[in-house]
Amino acid sequence: MKRNIRKIAVIGSGVMGSRIACHYANIGVQVLLLDIAPNQLTELEAAKGLTLESKVVRNRIVNDALQAALTSNPSPIYQKKFASRISTGNLTDDIAKIKDVDWIIEVVTERLDIKQKVFESIEAHCKPGTIVTTNTSGIPIKLLIQNRSEDFVKNFCGTHFFNPPRYLKLLEIIPSEKTDQELIAFLEDYGQRYLGKTVVRCKDTPAFIANRIGVYSIQALFHIVEEMGLRVEEVDKLTGPVLGRPKSATFRTCDVVGLDTLVHVANGVRENCPEDEAKAAFEIPDFISKMVAENRLGDKTKGGFYKKTKDEKGKTEILSLNLTTGEYEPQQKAKFATLEATKMIDDLGQRIPVLYNGKDKAGEFYKKSFLNLFAYVSHRIPEISDELYRIDDAMKAGFGWAMGPFEYWEKIGVSKVLSDAKAMDIQIAPWVEEMISKGHQSFYNLADGKKYFYDIASKSSQLVPSNERMIVLSHLPDNSIVWQNKNVTVRHIGDSILACSWKTKMNTIGSEVIQGLHKAMDIAEASYKGLVLFNDDEHFSAGANVGLIFMLAAEQEYEELDLAVRAFQNTTMRLRTCSVPVIAAPHSLALGGGCEISMHCDKVVAHAELYMGLVEFGVGIIPGGGGTKEFALRCGDEIKEGDIRINTFRKRFLTVGQAKVSTSAHEAFELGYLREGIDEVVVSRELQLARAKEAALELYNKGYVAPTPRKDIYILGQEGLGIVYVGANSMFSGNYISEHDQVISEKLGFALAGGDLSQPQQVSEQYLLDLERKAFLELCTKKKTLERMQSLLTTGKILRN
């Protein structure tokens, strides 16, 4: 049965329901969002003479909830206009409309009786074959389908989204024993391809996979913290980015989620898993019970493990809770020798063993917490999953861990962990020792570009299932590498297409990357059909190496700086004129130089979560790698006669002058970084590289002819300069910008307008590049520019690579 999802209904408009509705609207699906009609008027409604029968009143709950979601930060919607795809209603007047939808997602309160009543109403109104799923976070699926028809049951399962649905990648699929197998396959594919999710199939067990392991990890840590007497800020220092986990680490995450929510899930697991060998870990420690009793639940009560206050001078200060005294205190800097030993280790896989083997208090903490976690996940197979990779996938996608538990374990050493666990009387499941005895020294292995996992049931290595189109650079065999230097790797990814990737801190662009880009183009032009620029780290690129620019400018090495800027410009222009198609596939941060590189490629296949922008103005300079020139070019192509051309110029100037960064790939079109009809957006990060490869082949197969540098770029000259000078002077006079910002504005305007030409005319790309470079270098001679760069580098707001 082929299924097409054109319209869905979301039942329940709370925090999760409204945001799930927004994410489906993001991908182009029409959404019907329903909630209950209120049974009481507000004072304002009564004053207006409204009644409970007034439509505005009957839809008040759902409309207020949707509006709250749309105005929340971070936004659940890619572009404001996408909200028009959501229509609202109430469960009394509008439930019959669900007959027209293809999928119904229930997101009402976590009570079995209420959910069962909702499903009874849904079944009475939906058409046969409609997909019905629940977003329950823990109620057994088998209980939810009691007394439902055969058709309803076979088209029903759990779809557990993690909050916020737009940003967290995990989607847990929880089928019942009676769920149609074709439906499961459909939802797994749809979740990945359309929703951009890491889809993990779970067994119908309490808290499913991610929350079962995640809450255990937090609960076990609570007990370790109590035992070792660690401070809140120390624990967050130990369990954050150094472990490849979010900055919110442990206690800050608890404050965001809400301590009452964590306690509720922990109690649920303890009550519903009486056979869990680690059920004692789910007992709530005294200090947590005391916090709940005192209503210190986190952000929702303005205080949890952390509390935001203001000192006598009105300066905001974040205090941490002393877990012994129960008082809030100024945070103390966490210092551990083990952490110091890892400062120069960028590779997480190499860092983990150093942390685990530390000889100080931090090392003791890591050993205890890791061994407890490893023991726990070993015993969860086959209870919550038959396959270990599903546990790793769930923790990475649901909790933002860079590695799953079994992947951490491998980095330390499977046998070493077994030995250490025995020494500390921690019981690892027998299957791990059996695995080693059969010659398998690790949980995973790579062969022929594919990833395999140890399957406990068959006692053998089995292929990790994945979409056939998916390309994972780290899984490709060594012979796929055609060239590499210290930072850049060029690989053949099949069908005569190369992929060029680089690995630096936040993938900033320095001389090694520039060299690698040129080498990739050399090789592609000589022997291949196309080239894709793609990075599989957290970010595409945070931009050029500002530390190098600052050093050259501070030492007045202006000739060297001029050569460096020319080299960057030559690189972006070569991307533009390369004899084979070049596709950029940016994701997450694509700032400054990363944005300029993307803008010069034949096509951009952007991930939906793209934060793209020319941000150089904030550093005290203008885009100097072809970005200013490219904006002038695109502005010239858009300009029409009369007043519109002034508006177009002003709009493009402000985008660069205000260092605007897109909040999604769709917004990048509005800002002019992406091009309508040329560039495109994909929601699945896992399939982005495959789509970029396809795009390169499509261009090649059409008979690709490289573009030549343009000489017909329409610029405004003095007409544009006048707008800039008047505006900048007005802003400075009104104390909205500094004197130096006025200087930067005028330099930017000069380059965008094509210089001080007496009338609008056509110029060449090289002419604009020369203006751009001249303005860039002149700004680098300014004392205020150097002071701003130094300040940003010192505070870590920009990288010193």
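Visitor: Hey, could you run me through the overall build of the protein in this one?
Guide: Of the regular secondary structure elements, the protein holds 32 helices and 25 strands. Against the globule reference of 28 Å for 801 residues, the protein gives a C-alpha radius of gyration of 29 Å, in line with a compact fold. If one aligns the C-alpha atoms of the protein with their principal axes, the spans along those axes are about 80 × 70 × 65 Å. Residues counted as buried form 55% of the 801 residues belonging to the protein. Excluding contacts between residues fewer than 6 apart, the proportion of contacts in the protein whose partners are at least 24 apart in sequence is 70%. In the structure as shown, the protein presents an accessible area of about 35000 Å², 50% of it carried by carbon and sulfur atoms. For the protein, the centre of its 98 positive side-chain charges and the centre of its 103 negative side-chain charges are spaced 2 Å apart.

Visitor: Before we go on, may I ask you to explain the pairing of strand S4 (residues 103–106) in this structure?
Guide: Regular strands show a simple pattern: their side chains alternate between the two faces of the sheet. Of the two faces of S4, the one holding Trp 103 and Ile 105 and the one holding Ile 104 and Glu 106 are both buried throughout. Pairing analysis gives four bridges linking strand S1 (residues 7–11) to S4, with the strands arranged parallel. When the sheet's bridge partners are listed, Ile 8 is paired in S4 with Trp 103. In terms of strand pairing, S4 meets strand S5 (residues 131–134) through four bridges, oriented parallel. The residue bridging Glu 106 from the neighbouring strand is Thr 134, located in S5. In this fold, S4 hands off to helix H5 (residues 112–125), which returns the chain to S5; that crossover is right-handed.

Visitor: I tried to follow the side chain of Thr 130 on my own but got confused; where do I start?
Guide: Take Thr 130: it is sitting in the loop between H5 and S5. Accessibility expressed as a relative area gives 5% for Thr 130, which makes it buried. Contact partners of Thr 130, with chain neighbours within four places excluded, come to Val 101, Asp 102, Trp 103, Ile 104 and Asn 155.

Visitor: Can you walk me through the pattern of salt bridges in this structure?
Guide: When their charged atoms lie close together, side chains carrying opposite charge are able to pair. Applying the stated criterion across every chain yields a total of 59 salt bridges. Note that Arg 201 is salt-bridged to Glu 188, the shortest N-O span being 2.9 Å. Here the residue Arg 201 occupies a position in strand S8 (residues 198–201), and Glu 188 occupies one in helix H8 (residues 181–193), the gap between them amounting to 13 residues. What makes Arg 201 partly exposed here is its relative accessible area of 27%. Lys 451 is the partner of Glu 407 in a salt bridge, and the nearest nitrogen-oxygen pair spans 3.4 Å. Of this pair, Glu 407 sits in helix H18 (residues 405–412) while Lys 451 sits in strand S13 (residues 450–455); the two residues are 44 residues apart in sequence, bridging distant segments of the chain. We classify Glu 407 as buried; its relative accessible area is 12%.

The rules behind each value
- In every chain, residue numbers begin from 1 and rise along the written sequence.
- Local features in this predicted model are restricted to residues of pLDDT 70 or higher, and side-chain atom pairs are both shown and tallied only at a pLDDT of 80 or more, whereas totals for entire chains, interfaces and linings draw on every residue.
- Heavy atoms from the whole structure form the basis of all side-chain values; hydrogens and water molecules are not counted.
- The secondary structure listing takes helices from DSSP runs of H or I that are at least 4 residues long and strands from runs of E that are at least 2 residues long, numbered from the N terminus.
- Our radius of gyration is a C-alpha quantity, and the globule rule it is checked against amounts to 2.2 Å times the number of residues to the power 0.38.
- Three labels apply to residues, based on accessible area from a 1.4 Å probe with only protein chains included: buried if under 20% of the type maximum, exposed if over 50%, partly exposed otherwise in between.
- Here a residue-residue contact requires only that any non-hydrogen atoms of the pair lie within 4.5 Å.
- Working definition of accessibility: Shrake-Rupley area with a 1.4 Å probe, residue cover restricted to the visible protein chains.
- Charge counting follows a simple rule: Lys and Arg are positive, Asp and Glu are negative, and His as well as the terminal groups are ignored.
- Here the site of a charge means atom NZ of a Lys, CZ of an Arg, CG of an Asp or CD of a Glu.
- Each pair of strands is called paired provided DSSP finds at least two bridges between the two strands.
- Look down the strands so they point away from you; if the path from the first strand over the helix to the second goes clockwise, the crossover is right-handed.
- Between Lys or Arg on one side and Asp or Glu on the other, a salt bridge is scored when a side-chain nitrogen of the former is within 4 Å of a carboxyl oxygen of the latter.

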